[in-house]
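Next come the chains, spelled out residue by residue.
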Amino acid sequence: MPSPLFADRPAPRLPAHDAVDALIQRTRRLRGDVDAVRRDTVLFDEDGPQRRRQRALCELAVHHLDHLDENLGRLRAGLPGGDAEGLPPETGAAPDAPDACSLPGRVGSAEWNLLTDECTWSDELYEIFGRPLGSAPLSLDDLPSVLPPEDQPLLTSMVTGCLVDGRPMDGEFRIVRPDGRTRTLHMTGEPVLDTEGCTASMWAVLRDVSELRHGGRTADRDGASTRHAEHIERTEHRLAVELRETVLPPWRGSLRLPRQGRVGLDIAAHHLPSDSGGHVGGDWYDAMELPDGRTLLTVGGLTGHGVPATSAMAMVLGALRGMAVAGIGPGTLMGHLDQVLEASLQPPLGSALCCRFDPGTSLLSWAQAGHPAPLLFRNGSGGVLPTPDGVPLGSSPSASYGQDEVRLFPGDVLVLHTEGLVRGAGPEALLALAPRFARARTAQECVRSLVEVFGGAGRLDDACVLVARAGA
């Protein structure tokens, strides 16, 4: 029985691939143009602070255009990416989220002279580090003191490689400003050699990329959360399907019980999944021969989906089978079943139909709990059986349930179904199949007709149908 609150929602649509492809092509063309400007700066003989700053800015632009290209590729694929590469581990203080007073994209420069121990910072770099203008800039020895301990080895390695081995610097680290805020900086730089080829100074350009990295980490965390939620959903769906398959009767398709009286029953049943296939409900069907020779026929359903619904269905169906085997009649059985649900920790709502057929007398006794009544087809026409009193399971403590009887004759077709089969259509759609049932020779043929008519696309919830055909 489906939850009244359930409704399929369409998945959010990703941007059109053509539009994203165009953005990727424009980004790559721009990257080529910036790279050409960067190569031009290398051709000049002049290598003063201004020229080095221009070259470093080009390096930064190329780096971030590559990053943009990568993220656009991830967007086109529609899949969140993995962990961001090249970032320091996120331990200790977390970077601040963007706010009105942050300095996104601010770029500053610095040069450290190894011969004179002089240090020159641009005004922008003072702002990035949160230090007052005119104060002493940080030396290379003091610079690690403003980094978190886990980031200091990275900076030391970059500076050592630049000063000792002459390697350009390109990396990211975090700083803790005097106001306690944590910022992420991207630094590029290279050594400046004297006339003898020795390292005389080191210059660097630093950019505050905190907002970029904050957004990237947020996207990665959201992607990881989405993948985790999808994994849990797939696992729960698999468990619900396995539980349902375990609980439903071991026979599939049709069941012919041995004839013990004037009329025998040919039984067939079918489960129709929802159109989405992603929501496993608590619907059931069952038929079994009882110890006294009579036959149990039942269908029903509980509200909800997934493991909670199928586990509750397992409990209800187990209790129903046990009471039927004990010889309890359908009306009394429904009352006991309602008490079983009321005693559970979180009682679900549900509906059920329970029939007991006596082959010796050809009498079918039945009771219902807020469920559609059985349909009886005879001599090419059909009708709905009169409904005895009964309220949905779990809706009213100490509810009483009535019981009714009808005699079956050879050729009669009895149809039991859950609500999802003809939701909103009423019994008329089922009764219209009377001519086809009259031509059918087996219960399985009747079930095939039902599936042909009601098993198409557009089903919001799963459903069960059981057909019993009386034979001479």
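Rules used in this analysis
Residues numbered from 1 in each chain as written. Predicted model: local features only at pLDDT ≥ 70, side-chain atom pairs only at ≥ 80, totals over all residues. Heavy atoms only, no water. Axes fitted to C-alpha atoms, helices over the stretch in contact; angles between N-to-C directions. Helix = DSSP H or I, 4+ residues; strand = E, 2+ residues; numbered from the N terminus. Left-handed = near helix turned anticlockwise from the far one by under 90°. Contact = heavy atoms within 4.5 Å. Nonpolar A, V, L, I, M, F, W, Y, C, P; charged D, E, K, R; others polar. Buried < 20%, exposed > 50% of the residue type's maximum accessible area, 1.4 Å probe, protein only. Pairing = 2+ DSSP bridges. pLDDT = per-residue confidence, 0-100. Expected span 1.5 Å × (residues − 1). Arc of directions from axis to C-beta.

## Notes on the packing of helix 6 (residues 306-325) against helix 7 (residues 330-342)
Piece 1. Axis separation between helix 6 and helix 7 bottoms out at 10 Å; the angle between their running directions is 145 degrees. The two elements helix 6 and helix 7 meet at a crossing, and its hand is right-handed. Contacts between helix 6 and helix 7 pair Met315, Val316, Ala319, Leu320, Met323 and Ala324 from the former with Leu333, His336, Leu337, Val340 and Leu341 from the latter.
Piece 2. The residue makeup of the contact of helix 6 with helix 7, split by class, is ten nonpolar, one polar and no charged.

## Some details on the pairing of strand 15 (residues 413-417)
Piece 1. Counting buried positions along strand 15 gives five out of five residues, so the element sits mostly inside the fold.
Piece 2. Side chains Val413, Val415 and His417 project from strand 15 onto one buried face, and the interleaved Leu414 and Leu416 project onto a second face that is buried too.
Piece 3. In terms of strand pairing, strand 12 (residues 375-378) meets strand 15 through three bridges, oriented antiparallel. Residue pairing in the sheet places Phe377 in a bridge with Val413 of strand 15.

## Things to note about the sheet that holds strand 9 (residues 295-302)
Piece 1. Taken in spatial order, the five strands make up an open sheet running 8-9-10-11-14, and their pairing is antiparallel. Each edge of the sheet is formed by a strand with only one pairing partner; in this case those strands are strand 8 (284-289) and strand 14 (404-407). For this sheet, the mean inter-axis angle between neighbouring strands, taken without regard to orientation, is 15 degrees.
Piece 2. Taken together, the eight bridges between strand 9 and strand 10 (residues 350-358) define a ladder with antiparallel strand orientation.

## A few points about the environment of Asp18
Piece 1. Relative to the helices and strands, Asp18 resides in helix 1 (residues 17-43).
Piece 2. The exposed category is assigned to Asp18, whose relative accessible area is 65%.
Piece 3. When the C-alpha atoms of Asp18 and Arg76 are compared, they prove to be 9.1 Å apart, with 58 residues separating the residues in sequence.

## Thoughts on the confidence of the model for the chain
Piece 1. Considering every residue of the chain, the mean pLDDT works out to 80; 78% of them sit at 70 or more.
Piece 2. Confidence over residues 1-15 falls short of pLDDT 50; this stretch has 27 contacts with residues more than four positions distant or in other chains.
Piece 3. Within the model, pLDDT remains below 50 along residues 79-105, and this stretch shows 51 contacts once partners closer than five positions in the same chain are excluded.

## A look at helix 10 (residues 443-454)
One turn of the α-helix equals 3.6 residues, which is why residues spaced by three or four share an orientation.
Piece 1. The first and last C-alpha atoms of helix 10 sit 16 Å apart over twelve residues, in line with the 16 Å expected at 1.5 Å per residue.
Piece 2. Looking at helix 10, one finds that the buried residues are Ala443, Cys446, Val447, Ser449, Leu450 and Phe454. With its buried residues spanning 155 degrees around the axis, helix 10 presents them on a single face.
Piece 3. On its buried face, helix 10 is in contact with strand 7 (264-272), strand 15, helix 8 (428-431), helix 9 (434-439) and strand 16 (463-471).

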